[in-house]
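Residues per chain, in single letters:
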Amino acid sequence: MLGVQMLGNETVSVKDYPEPVQNQGEILIQIKASGICGSEMHGYRSHSAQPFNGGHEVAGVVIDAGNSTRFKVGDHLGVHAVWGCGNCRWCDVGKYTFCDQRSTCPGTHAEQLAAPEHTCLKLPEDIPFDVGVLLTGDGLGVPYHVSQRLNTKGGDVVCIVGAGPIGLGNAVIQSFFGAEVVVIDINSYRLSLAEKFGIAHTINSQEIDPLEAVSEITQGMLADKCIEAVGRSETLRLALRLVGKSGTVMAIGEQGDVPISPSSDLIRRDITLMGSWFYHYSEYPSMLDLYRRGLPIGQVITDHFPLLEAQTAFNQFANGNAGKVILEP
Ligand SMILES: [Zn+2]
Ligand SMILES: [Zn+2]
C-alpha cells in the first residue's frame, strides 16, 4: 500500500509499504481521509527521517471486520487516536487517554490501517469522510472536551490564543455555546478564517496589543475564560494576563516548563489554571449529536489533497495559509 514517509527537513515522500497485518480483534480499514495535525510539524521540521508518518486523524471504510459484532464490511468509521488497552478501569468507562497501557494510532497518511475494534467509532454514512476526520479526531475532539471542562455559559467572554485548526475549532464551538469569542494570532490568513466564521473579535497581536484590545472589549473586566492553543511559554503567559478575576485559563498547547508566579498569576485573582487532552471515546455520541444540531465544525477544513500530493499538502499546512488540511488516499 502507499503511505507517507517523513524524511525530515520539511520533506515527505509517498512510498510503497507492506499492507498492515490485521491481528485478532482488529478491524482492517480502507482510509478515505486523513488529517494533518499541528503536532506533526515537529517531525516534519526535524532533521531526521522517520520510518513512517505521524498521521492519527482518520476516517474510512471497513475492508475486513474480523470477528467483530459491531462492524461489518462497508461500514464507515473513524478511529480514536489514543489506543487504550481495552481492559482496564479507565478503558471500561471509555476514557482511553487515562489508560496507563495506552498507545497511539500509527501513521494514517496511508491507504490502509488495522485498528483495535474498541478504538473504532461508527460514522453515519451521510457524513462526509473529511468531516468524519474532525468528528472522531482532534478537530472536534479537542474543542469538545475543552468545552465540557470549561462549561461555557452564554455571554462569557472567551479568548482563544492561537488560530490553528484547534484554536479555530474551539472558536466555532465556544461561539456555538453562546460565548463572545476573541481569537488572537499573528497569522492574518487564519484570523480572516475566524472572521469568515462570524467570530465576534479577531486580534492580530503583531499589530495591536491584545491586553489593551481585550480590556476595551470587556470594559476592563478582561476575559472569563482563556484557551491557550499555541504551546509556547509566552502565549500561556499572555493567556494568564488576558483572563479576569476568578477566570479560568485552559492549557491545550503541548509544551515544557513555563514560569508562573502563583501569587500574581493565580492566587490574588482566584484564577483556575487547567489542562485538557484530546477527548474521551465515551464522549463521541454527544459530539455527533452536537454536529447534528448544526455545529458548523466542517468549515475549519480548507484544503484537500490526494495522498500522492502529500508534499504540497504538508507545505500548505506548514506555511500557515490553511485551516485543516485533509489527505485523501
Ligand atoms: Zn493531533
Ligand atoms: Zn486501558
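Residues numbered from 1 in each chain as written. Chains lettered and ligands numbered in written order. Predicted model: local features only at pLDDT ≥ 70, side-chain atom pairs only at ≥ 80, totals over all residues. Heavy atoms only, no water.

Q: So, the environment of Asn-67: which residues are in play, and what are the values?
A: By secondary structure assignment, the location of Asn-67 is in the loop between strand S4 (57-64) and strand S5 (76-79). Along the backbone, Asn-67 and Phe-305 are 238 residues apart, and their C-alpha atoms lie at a distance of 34 Å. Excluding anything up to four places from it in sequence, Asn-67 contacts Gln-24 and Gly-25. (Helix = DSSP H or I, 4+ residues; strand = E, 2+ residues; numbered from the N terminus. Contact = heavy atoms within 4.5 Å.)

Q: Just give me the short version of the coordination of the zinc ion (ligand 1), but keep the residues and values in it.
A: Distances from the zinc ion (ligand 1) to its protein donors, Cys-37 (SG), His-56 (NE2) and Asp-138 (OD), fall at 1.8 to 2.2 Å. All donors of the zinc ion (ligand 1) belong to a single chain; written as a sequence motif, their spacing is C-x18-H-x81-D. Separated by 101 residues along the polypeptide, Cys-37 in the loop between strand S3 (26-36) and helix H1 (41-45) and Asp-138 in helix H4 (residues 138-150) bring together distant segments of the chain. The exposure class assigned to Cys-37 is buried, which follows from its relative accessible area of 6%. (Donors = N, O, S within 2.8 Å, 3.2 Å for Na, K, Ca; no water. Buried < 20%, exposed > 50% of the residue type's maximum accessible area, 1.4 Å probe, protein only.)

Q: So, the nonpolar core: which residues are in play, and what are the values?
A: In this structure, Leu-135, Leu-140, Val-183 and Ile-227 are the most contacted members of the largest nonpolar core, which totals 51 residues. Put simply, the parts of the chain that give this core at least two residues each are helix H3 (129-136), H4, strand S10 (157-161), helix H5 (165-176), strand S11 (180-185), helix H6 (188-196) and helix H10 (284-292). Among the elements that line this core, the one with the most residues is H4, at 5 residues. A domain-level breakdown of this core finds at least three residues from each of domain 1 (2-137 + 279-328) and domain 2 (143-275). Contact partners of Leu-135, with chain neighbours within four places excluded, come to Ile-127, Leu-140, Tyr-279, Tyr-284, Met-287, Leu-288, Tyr-291 and Ile-297. Grouped together as the second largest cluster of nonpolar side chains are 20 residues, Val-157, Cys-159, Val-182 and Cys-226 included. (Core = buried A, V, L, I, M, F, W, Y, C linked by side-chain atoms within 4.5 Å. Domains from an automatic or database assignment.)

Q: Tell me what's going on with the pattern of salt bridges, and back it up with residues and numbers.
A: Here the structure, examined in full by the defined rule, presents 9 salt bridges. A salt bridge links Lys-72 to Asp-75; the nearest nitrogen and oxygen atoms lie 3.0 Å apart. For Lys-72, a relative accessible area of 54% puts it in the exposed group. Residue Asp-75 is classed as buried on the basis of its relative accessible area, which comes to 6%. Among the charged side chains, a network of salt bridges with common partners joins Lys-72, Asp-75 and Lys-122. (Salt bridge = Lys/Arg side-chain N within 4 Å of Asp/Glu carboxyl O.)

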